[in-house]
Amino acid sequence: MKIEPELYKAKAKKAVNNSVLQNALAGLQERLGRGTALSYQRLPEGPDLRLKAHDIRSHAIEHLDILLGALADNVRQNGGHVFFAEDGQAAVNHCLEITEKHNIKKIVKGKSMVTEEIGLNIALERAGLEVTETDLGEYIVQLAGETPSHIIAPAIHRTRHQIGELFADKLGISYTDNPPILTQAARKALRKKFLSADMGISGCNLACAETGHIAVVSNEGNIRMSSTLPRVHVAFMGMERITACLEDYDILFRLLSRGAAAQNIAGYVSYLGGPKTDDQIDGPEAFYLIIIDNGRSRILADNDFREILCCIRCAACLNVCPVYGKIGGHAYGSPYSGPIGAVVTPLLFGINQAKDLYCGETLCGACKDACPINIDIPGMLITLRKKRAEGDRKWNVKRTNIMERMIFKIWALAVKNKKIYDFFLRMTGFLQTFFTGHDGTIHRLPFPFSGWTKSRNMRPISSKRFISGSKNIR
Amino acid sequence: MAMEQNEQEEFLSNVRKALGVNPIQKRDKPDIFKEFKDKNPDKTLETINNRTVDEKKALLEILIKEADSLNLNIIPIKDFKTAAKKIAALAEEKEPEWGEKKQIIAWKHPLVEKLDLNSILEVLKAPIPVCFTDLAHEKKIGRKQNDTIRMQMIHSYIGVTSADYCLAETATLVMKTRPGQARSVSLLPLIHIAVIRINQIIKNLKELYTILVYKQDEKEEGLTNCMTFISGPSKTADIEGVMVHGAHGPREVYIYVITDE
Ligand code: SF4
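Since the structure is predicted, the reported quantities are computational estimates derived from the model, not experimental observations.

Participant: Whenever I open this one, the overall build of chain A confuses me. Can you help?
Facilitator: Tallying secondary structure elements over chain A gives 22 helices and ten strands in all. The C-alpha atoms of chain A give 25 Å as radius of gyration, which agrees with the globular expectation for 474 residues (23 Å, within 12%). Over its C-alpha atoms, taken along the principal directions, chain A stretches across nearly 85 × 55 × 45 Å. Counting every position in chain A, which comprises 474 residues, the buried fraction comes to 58%. Long-range contacts, defined as pairs at least 24 residues apart, comprise 72% of the intrachain contacts of chain A with a sequence gap of at least 6. Summing over all exposed atoms, chain A offers an accessible surface of approximately 20200 Å²; the carbon and sulfur share of this is 55%. Here chain A contributes 61 positively and 48 negatively charged side chains, and the mean placements of these two sets differ by 11 Å.

See below:
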């Protein structure tokens, strides 16, 4: 997909005015946001299990080189191939080579955000290959020529009515807005695709270094299909999606499923390691694993942000975020939306380019509480803002403009000096009378303060000072 | 291969550099694999092995309760013969998904064989053929034979398997892949039936991983090239969050738990 976080403001505005989307988002957060918090409470070990999960993930990240080396050795031992790709282009090239080598024409794909990140579909289609997304949500989005708007529920922005019309148009069925009938229509269309595909592509939720398997998770069964029926299976994984040993999965899976959909465990989990053996009936004849850096080592090298690599992409933070709940996923202009997107998108694609993402979040902390790994997203949002304010050569971040810095300098001086501060208050108290409307609020401020009143009315500064109030209380 | 190796070396040295360790020196720390391991696996294994009949029944109860919310059917039944009768009745009642013809595909597995489904289903008024994902003693499957089995799988409306374990707390079937036990049998047909014995039920994921890592025969076998967990029928909530069963995989799943034999 196209990465365009610059369009954040325009798209956010459109989303806020889209009543269909507003209903859908409210419904999603109502359903999943609360359920997740409850499901943590119901864990036999209690919500503190998240801290243990954090330890497990950090431990893996700190030893990433060792784990990745072991994983590659073990996958090869099981008969699979492993490629390491420094960036998206290298990963795409590997995939294209594989399609050529195996004479591939048709591809079925399971949901994978990392392939969206590197623009795989476009490249494959350009090479003349047929690529079909098979997760129902992704399939809908693909048929509509759109991009996913949620990590777990990609088509959350569409109504059943719209999907009905889409299917009537593209699949030639008669119009219905009945979800079971629509699902059945997709099942039928996609079954044909599964059976005729020569290659399946999937992501990887979490690889196991010790055994040399990747674990993939789904509820629909489409990833099992994609990795069982076609003759070649190619899995893509971001380099951080790995853990040391099998036992780690107990905690991580239980938390992943709760974070993603308030489930005890996802419907299907498969551990895949290598091609089928000669005496087996099904499974791919060739298995490839492509491990991708694409900017992750830069995140790894920075202690301020290393923690974000612990993320397991469960989307729990999206389901509770008040900002995501209003603007939806498309505004973020990246496959990674919501709080996780507000951190990861700038780090992967440019802190300047994606500045609106981390400035737009509210810092309320709901994401951290919902995160199964207890990742400090609010802290990282602040650090990103700091980097932008002060500039950072390592990240190619230019300082914000001089004007803003000057204003803050003056402000810092003012609040430290009672005389100046009192004078300032009296001045603004006087000036604001010119802008206050009948209802006692300020409707419009002049430039350069106009931004504050663009989408809301402001309360005027109180005539009674807080300090004098607190004296009265005493 | 040489290129693959170079690429890998460069990649990993980049990672080492980012981690702040010597980029050109391969780190060797075997103990990092032990950090979060079960500290007392023998005790866990012993608990599992020494479960009393009542404890096993309690696990079955947990399984039934958990399965309920997943739209998964657990049927405790005393012996294979009764189970086979029930399965036959189910097969008669249900309609095939694609086309008219009723056909069942089944694993070549001792527990499935014990059902002896053929002997019941073939004498019905409208007989239902049962095919097995059997390799007929050939070591390497020829393409022809493989294609035949694949076609049988595609056209079956019921798939019958067993499983390695069943986890009570999450209602999860665990199955490795072995010759004769094809992955598609629990995936392509509209209805999936699994037959297990009550002592294959264990408590949860934690017990499972301990067994897989520390039990001698499991350790030797490894995970195989595909180990699958199945918790209930295939499902999706991608259209307005409405739960629909049977997205791509089976719409109905039945687990027959043999309690007496
Ligand atoms: S940051 Fe946490 S909550 Fe958000 S997707 Fe990642 S793991 Fe899930």
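Participant: Honestly, unusual backbone geometry in this entry has me stumped. Any pointers?
Facilitator: Among all residues save glycine, negative phi is the norm, and among peptide bonds the norm is trans. All names here are of chain B. Phi angles above zero are rare outside glycine, and Thr-224 is one such case at about 65°. Looking at the element boundaries, Thr-224 is found in the loop between helix 9 (216-221) and strand 9 (226-230). In this structure, Glu-240 is a non-glycine residue whose phi angle is positive, near 50°. Examined against the element boundaries, Glu-240 turns out to sit in the loop between strand 10 (235-236) and strand 11 (244-245). For Glu-240, a relative accessible area of 32% puts it in the partly exposed group.

Participant: Mind showing me how you'd approach the site of the ligand here?
Facilitator: All names here are of chain A. Around the ligand sit Cys-311, Ile-312, Arg-313, Cys-314, Ala-315, Ala-316, Cys-317, Ile-340, Cys-371, Pro-372 and Ile-377, and that is every residue in its neighbourhood. Here the ligand occupies the largest cavity. Class assignment of the residues belonging to the shell around the ligand gives a composition of ten nonpolar, no polar and one charged.

Participant: It is not clear to me how the side chain of Ser156(B) should be interpreted in this structure. Could you clarify?
Facilitator: One can find Ser156(B) in the loop between helix 7 (143-154) and strand 4 (158-161). Here Gln152(B) takes part through its backbone oxygen, which lies 2.7 Å from a polar atom of the side chain of Ser156(B).

Participant: Hey, could you run me through the pairing of strand 1 (residues 81-85) of chain A in this one?
Facilitator: Looking along a regular strand, one sees side chains alternate from face to face of the sheet. Residues and elements named next belong to chain A. Extensive coverage of strand 1 is indicated by the burial of four of its five residues. Bridge analysis of strand 1 against strand 10 (residues 286-292) gives five bridges, and the strand direction is parallel. Note that in strand 10 the partner of Val-82 across the bridge is Leu-289.

Participant: Hey, could you run me through the sheet that holds strand 9 of chain B in this one?
Facilitator: The pairing of strands in a sheet happens through backbone hydrogen bonds and is either parallel or antiparallel. Strand order across the open sheet formed by eight strands is 8(A)-5(A)-6(A)-9(A)-9(B)-6(B)-5(B)-8(B), with mixed pairing between neighbours. Taken across any chain shown, the strands that pair with only one partner, and hence form the sheet edges, are strand 8 (242-243) of chain A together with strand 8 (201-202) of chain B. Where strand 6 (residues 213-218) of chain A meets strand 9 (residues 268-272) of chain A, five bridges bridge the pair, whose relative direction is antiparallel. In the strand pairing of strand 9 of chain A, Ala215(A) is matched with Tyr271(A).

Participant: Please explain the nonpolar core as it appears in this structure.
Facilitator: Most often, soluble globular proteins keep nonpolar side chains buried together rather than apart. Counting residues in hydrophobic clusters, the biggest one holds 148 residues, and the most contacted among them are Phe236(A) and Tyr271(A). Top element by residues in this core is helix 4 (residues 64-77) of chain A. It accounts for eight residues. Contact partners of Phe236(A), with chain neighbours within four places excluded, come to Ala91(A), Cys95(A), Val114(A), Thr115(A), Ile118(A), Leu120(A), Ile201(A), Ser202(A), Gly203(A), Cys204(A), Ile290(A) and Ile292(A). Counting residues in each nonpolar core, the second largest holds 82 residues, with Ile128(B), Ile158(B), Leu188(B) and Leu190(B) among its members.

About the cut-offs
- Residues numbered from 1 in each chain as written.
- Chains lettered and ligands numbered in written order.
- Predicted model: local features only at pLDDT ≥ 70, side-chain atom pairs only at ≥ 80, totals over all residues.
- Heavy atoms only, no water.
- Helix = DSSP H or I, 4+ residues; strand = E, 2+ residues; numbered from the N terminus.
- Rg over C-alpha atoms; globule rule 2.2 N^0.38 Å.
- Buried < 20%, exposed > 50% of the residue type's maximum accessible area, 1.4 Å probe, protein only.
- Contact = heavy atoms within 4.5 Å.
- Areas by Shrake-Rupley, 256 points an atom, 1.4 Å probe, with all protein chains shown as cover.
- Lys, Arg positive; Asp, Glu negative; His and termini not counted.
- Charge placed at Lys NZ, Arg CZ, Asp CG, Glu CD.
- Near = heavy atom within 4 Å.
- 1 Å grid on protein atoms, 1.4 Å probe; cavity = no way out; pocket = protein on both sides within 12 Å on 5 of 7 lines; lining within 4 Å.
- Sits in = over half its atoms within 2 Å of the grid points.
- Nonpolar A, V, L, I, M, F, W, Y, C, P; charged D, E, K, R; others polar.
- Polar contact = N/O pair within 3.5 Å; in protein donor to acceptor, adjacent residues only side chain to side chain.
- Pairing = 2+ DSSP bridges.
- Core = buried A, V, L, I, M, F, W, Y, C linked by side-chain atoms within 4.5 Å.

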